[in-house]
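# Structure at a glance
Here are the chains, one letter per residue:
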Amino acid sequence: MPQRRVYFFGGGHADGRGGMKNLLGGKGANLAEMTHLGIPVPAGFTISTEVCAHYYTNDSSYPEGLEDEVAKAIGRVEEAMGGGFGDPDDPLLFSVRSGARVSMPGMMDTVLNIGLSDDTVAGLIKKTGNDRFVYDSYRRLIQMYADVVMGLESEEFHRLLDARKKEKDVFHDMDLSAEDLKYLAGQFKAKVKELSGKDFPDDPREQLWGAISAVFRSWNIQRAISYRRLNDIPDDWGTAVNVQAMVFGNMGEGSATGVAFTRDPATGERTFYGEYLPNAQGEDVVAGVRTPHPINLSQKKEGDGESLEEMMPEIYASLDAIREKLEKHYTDTQDLEFTIQRGKLWMLQTRTGKRTAEAAVRIAVEMESEGLIDRKTAVMRVDPDQVEQLLHERIDPKTEYTALTRGLPASPGAAVGRIVFTAEDSVAWAEDADEDKHRTILVREETSPEDIDGMNASQGFLTARGGMTSHAAVVARGMGKCCVAGAGDLQIDYRAKTCTVNGTTLKEGDWLTLNGSTGDVIAGKVPTEQPELSGAFATLMEWADEFRQLGVRTNADTPEDAKTARKFGAGGIGLCRTEHMFFGEERLQYIRAMIMANDETERREALDHLLPFQRDDFEGILEAMAGLTVTIRLLDPPLHEFIPGTEAEIRELARDLGKDPDSMVERAAALHESNPMLGHRGCRLGVTYPEVYEMQARAIIEAACALVKRGIDARPDIMIPLVGEPRELSLLRELVERVVKETMRKKGVEVNYHIGTMIEIPRACVVADEVAEHADFFSFGTNDLTQMTYGYSRDDAGSFIKDYLKLGILRKDPFQSIDKRGVGALVKMAVEKGRGVNDELKVGICGEHGGDPESINFCHHAGLDYVSCSPYRVPVARLAAAHAVLRAKMKGML
């Protein structure tokens with residue numbers, strides 16, 4: 001039996017079912033399902049996604065026999081609906097729409113009123129008795145077909161329409177007469193001939209196949225490609241094509257069209273929500289041509305038009321009953337499209353409704369309490385990435401704005417402030433007596449650790465360079481601040497204190513708004529709103545914790561970050577970066593004195609000054625995380641990052657330290673490295689300057705001892721970074737253990753501690769069995785591991801990553817979502833080798849991948865014990881870890 005490629009629905013029968021979305025697309029599968037449910041659906045047929053695949057792999061041709069299948073389906077539609085396609089006396093018209101397996105609203109093309117021609121117009125007028133409606137439909141077809149199928153500029157037709165309205169002194173399309181619309185149809189056809197050199201096709205079947213091909217082609221138009229990339233939809237899925245008998249909401253009195261949701265998509269409230277337009281076609285509702293009316297009295301506000309509930313109470317009651325039926329059947333919020341043709345209700349579509357993060361959480365929890373779904377389903381209903389939106393200040397969704405440019409959405413939320421170009425100015429403005437200066441946006445080419453105070457003082461950060469794991473991005477997520485990174489159109493003149501974006505110049509003190517959820521950069525002040533966490537959010541997180549197996553820790557460098565993360569449910573700290581603690585003004589002079597020291601004696605003298613600062617820092621963080629593990633990474637970055645960048649600043653530093661300026665300039669030059677990320681950093685600092693790691697280990701254990709004496713359960717884990725050779729770790733473990741034991745003996749206190757390493761170098765993964773002999777835990781620093789595996793600089797990769805994604809060289813940015821085939825293979829190797837010699841080895845991840853849902857799913861299956869991420873990603877990670885377990889169970893993997 002030949003393979004079926006065309007699936008009929010209508011008249012109470014359908015060839016397909018709701019579960020066939022891969023083949024029929026979401027729209028086609030749901031039309032079939034509604035037909036089975038006895039819901040009034042205009043008859044039609046779906047051409048499968050397999051035909052789309054054939055179309056693209058065979059030079060835009062169709063499989064043999066498809067035309068015959070379509071002809072037979074048209075016959076069945078004619079039988080179900082009455083009339084004939086192309087019949088001049090009793091014409092039947094079609095709509096042609098796309099339908100991917102997941103909703104891609106507005107991304108692909110649609111053509112309506114297929115089948116109208118000079119021959120069929122008269123028959124439809126006779127059939128309906130409404131010449132205005134017919135000519136309105138005809139001019140719409142010509143305009144839409146010219147745009148979508150023939151590729152002509154739609155603005156040409158809008159100009160003709162506007163000119164006619166101006167000539168007739170009317171404002172709305174609906175105010176034009178039948179004669180006006182007939183005239184426009186003629187003008188439109190003449191314009192088609194002028195622009196294309198071809199006549200508008202009068203043959204209905206030519207129109208139909210032209211529309212079908214256009215919809216298949218629209219799978220690969222730019223907006224559809226961009227949407228797939230943003231929503232991680234595979235390019236090879238393709239779209240189905242739905243050909244459906246037209247029903248008309250623009251037939252005059254008793255006709256209307258609308259869109260509705262079974263629950264409020266903004267708040268999640270269990271109320272019927274929607275809009276409609278009397279005497280209109282479907283695209284009018286979403287195109288904003290006219291102001292729609294509310295569908296019911298509960299939505300109606302002063303100044304609104306008559307609701308559907310008032311205008312057509314019986315139709316509204318039927319629609320409300322269908323709403324209840326569909327929500328119970330699909331057990332999820334539905335997005336409905338309907339048309340009322342002369343008093344008869346037709347359902348054109350149902351699909352899972354898009355919703356805000358707030359609505360998603362509320363709907364999931366309330367549907368569980370209503371008995372529609374169970375807890376597992378409720379947890380799976382909320383996208384982990386949505387959750388973070390609930391935790392940040394955000395741009396008021398009712399606000400419309402025009403962006404100057406768009407960078408990378410490096411840290412979500414919104415920030416509104418006055419532009420400053422240096423960290424020092426950010427601090428100074430925040431401390432200014434004029435409160436109007438307190439809110440700032442720090443605008444930089446890129447940020448560095450030395451900018452930390454200014455970053456802390458600002459509302460958000462904008463950088464011209466850098467990616468999703470750049471310094472600015474990582475710090476922003478840790479602080480819970482908004483950040484837009486890698487805005488390549490941004491040109492900064494530090495001397496003039498101005499920046500220029502696409503021809504617009506902004507100066508210091510100008511107001512700027514950042515949308516960290518989209519990457520938009522907006523001139524001026526845009527209204528924002530504070531999120532309110534509901535009880536439903538806490539409930540959903542509790543349910544997620546019931547199912548997840550991965551622990552979730554946080555990356556935090558201050559007690560404030562630690563407290564925030566703990567509030568969001570963190571089970572400890574997976575990464576505390578000690579270098580961030582050195583950038584306070586008083587501390588910075590001592591770290592610089594240590595770096596510029598001439599010998600070990602001078603270094604130890606400077607380190608003695610630093611030890612109390614470090615001890616206090618560690619005590620605060622360990623206390624904030626009492627009872628939970630705090631993993632503290634010993635000094636990691638290259639020393640030059642702490643040294644001023646200019647010779648003048650170095651000479652000033654020499655004067656402050658009482659050193660010879662010329663010698664200091666020479667010393668600073670000696671610290672310069674051609675490739676500092678692969679240079680004198682990490683454990684290499686501990687090997688060459690063991691006194692640095694001695695001081696830090698002593699500070700950690702003294703802090704822990706002080707807390708234990710106060711009855712506080714302090715649990716420090718000491719992490720040695722950038723190990724690539726097992727002997728590095730064994731040597732430094734001996735050093736740290738010696739200091740730890742000496743300190744505990746001196747204080748008379750036992751501390752629960754562990755010593756491990758950060759796995760960031762590919763070689764460490766290959767020799768992980770040897771490394772594990774000296775480690776209590778592994779923590780994968782996947783930012784650097786990705787950088788070293790690919791050979792991409794994570795701070796510079798933004799200059800080519802977009803092209804790699806566009807060309808399909810990379811499926812995803814490997815700094816945002818872990819590369820399973822390469823980096824992931826190294827992680828799995830290290831876990832297997834490490835646990836092969838140490839079955840008690842704890843293994844986690846502390847790179848930025850620890851907050852990415854897809855990477856968390858990988859970590860679950862790779863057998864890791866925990867992930868660690870920025871404080872505001874903790875709820876995301878908790879939910880994603882639960883998804884990993886539940887998804888595996890659904891696939892029968894557990």
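Going by the structure above, here's the rest.
Residues numbered from 1 in each chain as written. Predicted model: local features only at pLDDT ≥ 70, side-chain atom pairs only at ≥ 80, totals over all residues. Heavy atoms only, no water.

### Looking at helix H27 (residues 726-747)
Taking 1.5 Å of rise per residue, the 22 residues of H27 would be expected to cover 32 Å, and the 31 Å separating its terminal C-alpha atoms lies within 8% of that figure. Those residues of H27 not exposed but buried are Pro726, Glu728, Leu729, Ser730, Leu732, Arg733, Leu735, Val736, Val739, Val740, Thr743 and Met744. Where H27 is buried, its residues meet helix H25 (683-688), helix H26 (690-709), strand E30 (715-720), strand E31 (754-759), helix H28 (762-766) and helix H29 (768-772). (Helix = DSSP H or I, 4+ residues; strand = E, 2+ residues; numbered from the N terminus. Expected span 1.5 Å × (residues − 1). Buried < 20%, exposed > 50% of the residue type's maximum accessible area, 1.4 Å probe, protein only. Contact = heavy atoms within 4.5 Å.)

### Concerning the sheet that holds E30
Strand order in the closed barrel formed by eight strands is E27-E28-E29-E30-E31-E32-E33-E34, and the pairing between neighbours is parallel. Across the sheet, the mean angle from the axis of one strand to that of its neighbour is 30 degrees, orientation sign disregarded. Sheet analysis places strand E27 (residues 551-555) next to strand E28 (residues 573-577), joined by two bridges and oriented parallel. Each bridged residue has a counterpart across the sheet, and for asparagine 555 the counterpart in E28 is leucine 575. Strands in contact with H27 are E30 and E31; relative to E30, the strand with the most contacts, it is inclined by about 150 degrees. (Pairing = 2+ DSSP bridges. Axes fitted to C-alpha atoms, helices over the stretch in contact; angles between N-to-C directions.)

### Comments concerning the side chain of arginine 733
Relative to the helices and strands, arginine 733 is located in helix H27. Polar side-chain contacts of arginine 733 include one of 3.0 Å to the backbone oxygen of histidine 774. Arginine 733 has contacts with Ile720, Ile755, His774, Ala775 and Asp776, leaving out every residue within four places of it along the chain. (Polar contact = N/O pair within 3.5 Å; in protein donor to acceptor, adjacent residues only side chain to side chain.)

### Some remarks on the packing of aromatic side chains
Within a pair of aromatic rings, the relevant descriptors are the distance that separates the centres and the angle that separates the planes. This structure, assessed with the given rule, holds 18 aromatic pairs. Relative to phenylalanine 216, the ring of tyrosine 62 has its centre 6.0 Å away and its plane inclined at 50 degrees; by these criteria the two rings are tilted. With tyrosine 62 in the loop between helix H2 (49-57) and helix H3 (66-81) and phenylalanine 216 in helix H8 (residues 204-217), this residue pair connects regions lying 154 residues apart in the sequence. Classification of phenylalanine 216 by relative accessible area gives buried; the value is 0%. Considering the side-chain rings of phenylalanine 272 and tyrosine 316, the 6.1 Å spacing of their centres and the 35 degrees angle between planes classify their relative orientation as tilted. Residue phenylalanine 272 is found in the loop between strand E9 (256-261) and strand E10 (273-278), and its partner tyrosine 316 is found in helix H12 (residues 313-330); the two are separated by 44 residues along the sequence. The residues phenylalanine 272 and tyrosine 316 share a single accessibility class, namely buried. (Phe/Tyr/Trp six-rings, centres within 6.5 Å; stacked < 30°, edge-to-face > 60°.)

### Some details on the sheet that holds strand E18 (residues 440-444)
The strand order across the open sheet built from eight strands is E15-E25-E24-E17-E18-E19-E20-E16, with neighbouring strands paired in mixed fashion. If you trace the sheet from one side to the other, it starts and ends with strand E15 (405-406) and strand E16 (408-411), each paired once. The pairing of E15 with strand E25 (residues 520-523) spans two bridges and is classified as antiparallel. When the sheet's bridge partners are listed, threonine 405 is paired in E25 with valine 521. Most of the contacts of helix H16 (residues 423-430) go to strand E17 (residues 414-420), to which it runs at about 105 degrees, and overall it touches E17 and E18.

### Topic: the side chain of serine 95
When you line up the elements, serine 95 lands in strand E6 (residues 94-99). Within the local environment of serine 95, its side chain forms a polar contact with the side chain of arginine 97, the two groups lying 3.0 Å apart. If we skip the residues at most four places from it in the chain, serine 95 touches Val111, Leu112, Asn242, Val243, Gln244 and Met246.

### A closer look at the pattern of salt bridges
Under the defined criterion, the tally for this structure stands at 75 salt bridges. Put simply, aspartate 173 and arginine 139 hold a salt bridge, and the shortest N to O gap is 3.7 Å. Of this pair, aspartate 173 sits in the loop between helix H6 (154-168) and helix H7 (178-196) while arginine 139 sits in helix H5 (residues 131-148), and the two are 34 residues apart along the sequence. A relative accessible area of 17% means that aspartate 173 is categorised as buried. Residue arginine 465 is joined to glutamate 445 by a salt bridge in which the shortest nitrogen-to-oxygen separation is 3.2 Å. (Salt bridge = Lys/Arg side-chain N within 4 Å of Asp/Glu carboxyl O.)

### Description of H2
Each turn of an α-helix holds 3.6 residues, which means side chains three or four residues apart point in the same direction. Turning to H2, its buried residues number three or more, namely Thr49, Val51, Cys52 and Tyr55. Taken end-on, H2 shows its buried residues confined to a sector of 150 degrees, consistent with a single buried face. On its buried side, H2 packs onto helix H1 (21-36), strand E3 (44-47), H3, H8 and strand E8 (240-245). A positive phi of about 55 degrees marks aspartate 59, the residue just after H2. (Arc of directions from axis to C-beta.)

### Observations regarding a negative patch on the surface
On the surface, a cluster of negative charge is contributed by Glu424, Asp453, Glu585, Glu586, Glu649, Glu652 and Asp656. Going through the elements one at a time, helix H21 (585-595) and helix H23 (647-657) are the ones with two or more residues in the negative patch. Considering every element that reaches the negative patch, the biggest residue donor is H23, with three residues. Tracing the backbone through its elements, the reader meets glutamate 424 in helix H16. With a relative accessible area of 56%, glutamate 424 lands in the exposed category. (Patch = residues over 30% accessible without salt bridge, like charges linked within 9 Å, V, L, I, M, F, W, Y side chains within 5 Å. Areas by Shrake-Rupley, 256 points an atom, 1.4 Å probe, with all protein chains shown as cover. Lys, Arg positive; Asp, Glu negative; His and termini not counted. Charge placed at Lys NZ, Arg CZ, Asp CG, Glu CD.)

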